[in-house]
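Chain by chain, the residues:
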Amino acid sequence: MESYILVADFFMKNFSRFKSLLAIFPAVYFAFFAYAEKEKTFQKRATRIIGSSYSQSSQSFSSEYLLGKFIPASHPDFSIIPEKYSTKKDLYLRKEVLAAFQQMHAKAAKEGILLKVVSATRNFSDQRKIWEKKWNGQTLVSGKNLALTVRNPVDRAKIIMKYSAMPGTSRHHWGTDIDINSVSPSYFETQKGKKEYQWLVEHAATYGFCQVYSEKGASRSSGYEVEKWHWSYMPTAKKLLQEYQTQISETDISGFLGAETAKKMKVVETYVLAINSNCN
Ligand SMILES: [Zn+2]
């Protein structure tokens with residue numbers, strides 16, 4: 001009982017001091033509360049920005065765009081890749097894809113890995129040149145002139161399509177896909193290539209990139225051979241693939257040598273849609 005009296009006495013004697021403290025507490029409390037609220041809003045905004053750049057694009061794409069029938073250099077959504085990031089001049093990417101690659105490039109560089117784009121957007125006419133040179137034997141495929149050695153059109157198309165897409169069916173048309181460091185399978189068997197590939201396997205997804213042409217097997221049943229160099233920016237590419245599926249049929253794939261094989265080979269189902277099921 002005595003102690004209560006002592007405490008009460010102490011409180012009464014020092015009331016004026018407590019009074020000023022009581023005035024300070026609410027001020028401190030509200031300042032802290034305001035700070036916490038501001039911090040929460042900032043976090044929410046940051047999540048929204050990151051979320052929107054990694055969530056699927058809501059943009060619509062025309063069938064012409066999906067088939068690569070446009071000029072990247074004059075398209076408002078595209079930017080030229082600065083020299084620092086590529087091995088060639090005049091390579092283009094969609095702006096959001098370039099921004100994501102630049103971030104990935106910076107992170108890799110900090111860890112001693114150099115990532116360079118060796119191929120990016122190729123439109124229909126670029127792809128037609130690559131395809132027709134292989135078709136007519138001007139470019140040898142595995143050391144062979146296919147025009148002379150493979151007379152059956154479907155068989156010839158299948159050989160070309162181990163690594164090269166038919167014009168109108170390439171993901172390189174979209175500005176979302178890049179080839180990194182080399183397009184030679186043997187490069188990725190070297191120590192340097194293995195290290196770079198391993199880094200991409202561990203980190204590319206953080207930046208929205210996925211290896212769409214994975215090893216054929218559980219995650220992919222048909223289509224191109226494995227391409228350790230080909231990485232796709234999924235936030236935009238996913239939407240493009242969905243639109244491709246609804247807007248494009250094999251009859252739209254025409255205007256180049258050997259185009260009649262598109263339907264016979266069911267290229268949309270067997271190649272365009274045959275990507276790594278873990279890419280989403
Ligand atoms: Zn590629």
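Going by what an unreviewed UniProt entry lists, the chain is known as D-alanyl-D-alanine carboxypeptidase-like core domain-containing protein and is assigned to Flavobacterium aurantiibacter.

Looking at the overall build of the chain
Broken down by element type, the chain carries 11 helices and six strands. Counting contacts in the chain only where the partners sit at least 6 residues apart, residues at least 24 apart contribute 72% of the total.

Remarks on the confidence of the model for the chain
Averaged over every residue, the pLDDT of the chain is 87; the share at 70 or more is 80%. In this model, residues 38-53 is a region of pLDDT below 50 whose contacts with residues beyond four sequence positions or in other chains number one contact.

Concerning the sheet that holds strand S5 (residues 209-210)
Read across the open sheet, the four strands follow the order S3-S4-S6-S5; overall the sheet is antiparallel. Two strands lie at the open edges of the sheet, namely strand S3 (117-119) and S5, each paired on one side alone. Judged from the two bridges that link them, S5 and strand S6 (residues 230-233) form a sheet pairing that is antiparallel. Opposite Cys210, over in S6, you have Ser232 as the bridge partner.

Quick notes on helix H5 (residues 124-135)
An α-helical turn contains 3.6 residues, so a residue and the one three or four places further along point in the same direction. Under the 1.5 Å per step criterion, the end-to-end length of H5 is 16 Å for 12 residues, consistent within 8% with the ideal 16 Å. For H5, the complete set of buried residues consists of Gln127, Arg128, Trp131, Lys134 and Trp135. One side of H5 holds all its buried residues, which, seen down the axis, span an arc of 135°. Each element contacted by the buried residues of H5 is listed here: helix H6 (146-149) and helix H7 (153-160). At the C-terminal side of H5, Gly137 shows a positive phi close to 90°.

As for unusual backbone geometry
A positive phi is found at Asn181, a non-glycine position, where the angle reads about 70°. Turning to its location among the elements, Asn181 is positioned in the loop between strand S4 (177-180) and helix H8 (191-203). Positioned with a positive phi, Lys266 is a non-glycine residue whose angle comes to about 45°. Within the secondary structure layout, Lys266 lies in the loop between helix H10 (261-264) and helix H11 (267-272).

A closer look at the environment of Asn145
Tracing the chain through its elements places Asn145 in the loop between H5 and H6. Residue class for Asn145 comes out partly exposed when judged on the 14 C-beta atoms lying within 10 Å of it. A sequence separation of 12 residues divides Asn145 from Lys133, and the C-alpha atoms of the two residues are 9.9 Å apart. Apart from the residues within four sequence positions on either side, Asn145 is in contact with Gly137 and Leu140.

Some details on helix H9 (residues 234-247)
Under the 1.5 Å per step criterion, the end-to-end length of H9 is 19 Å for 14 residues, consistent within 8% with the ideal 20 Å. Every buried residue of H9 is listed here: Met234, Thr236, Ala237, Lys238, Leu240, Leu241 and Tyr244.

Brief notes about the pairing of S6
Consecutive residues of a regular strand have side chains that alternate between opposite faces of the sheet. Taking every second residue as pointing to the same face, both faces of S6 are buried, with His230 and Ser232 on one and Trp231 and Tyr233 on the other. As paired strands, S4 and S6 are joined by three bridges and run antiparallel to one another. Bridging from a neighbouring strand, Asp177 pairs with Ser232 of S6.

Some words on the nonpolar core
Leu93 and Met166 are the most contacted members of the largest nonpolar core, which has 49 residues in total. Setting aside chain neighbours within four positions, we find Leu93 in contact with Phe78, Ser79, Ile81, Leu98, Ala120, Thr121, Gly175 and Ile178.

Here we look at the environment of Glu196
On the secondary structure map, Glu196 appears in helix H8. Among the residues examined, Glu196 registers 23 C-beta atoms within 10 Å and is labelled buried. Contacts of Glu196, omitting those with residues within four sequence positions, involve Ile113 and Asn181.

Examining the pairing of S4
Sheet analysis places S3 next to S4, joined by two bridges and oriented antiparallel. Looking across to S4, one finds that Val117 is bridged to Ile180.

Rules of the game
- Residues numbered from 1 in each chain as written.
- Predicted model: local features only at pLDDT ≥ 70, side-chain atom pairs only at ≥ 80, totals over all residues.
- Helix = DSSP H or I, 4+ residues; strand = E, 2+ residues; numbered from the N terminus.
- Contact = placed C-beta atoms within 7 Å.
- pLDDT = per-residue confidence, 0-100.
- Pairing = 2+ DSSP bridges.
- Expected span 1.5 Å × (residues − 1).
- Buried ≥ 20, exposed ≤ 12 C-beta atoms within 10 Å, placed from the backbone.
- Arc of directions from axis to C-beta.
- Core = buried A, V, L, I, M, F, W, Y, C linked by C-beta atoms within 7 Å.

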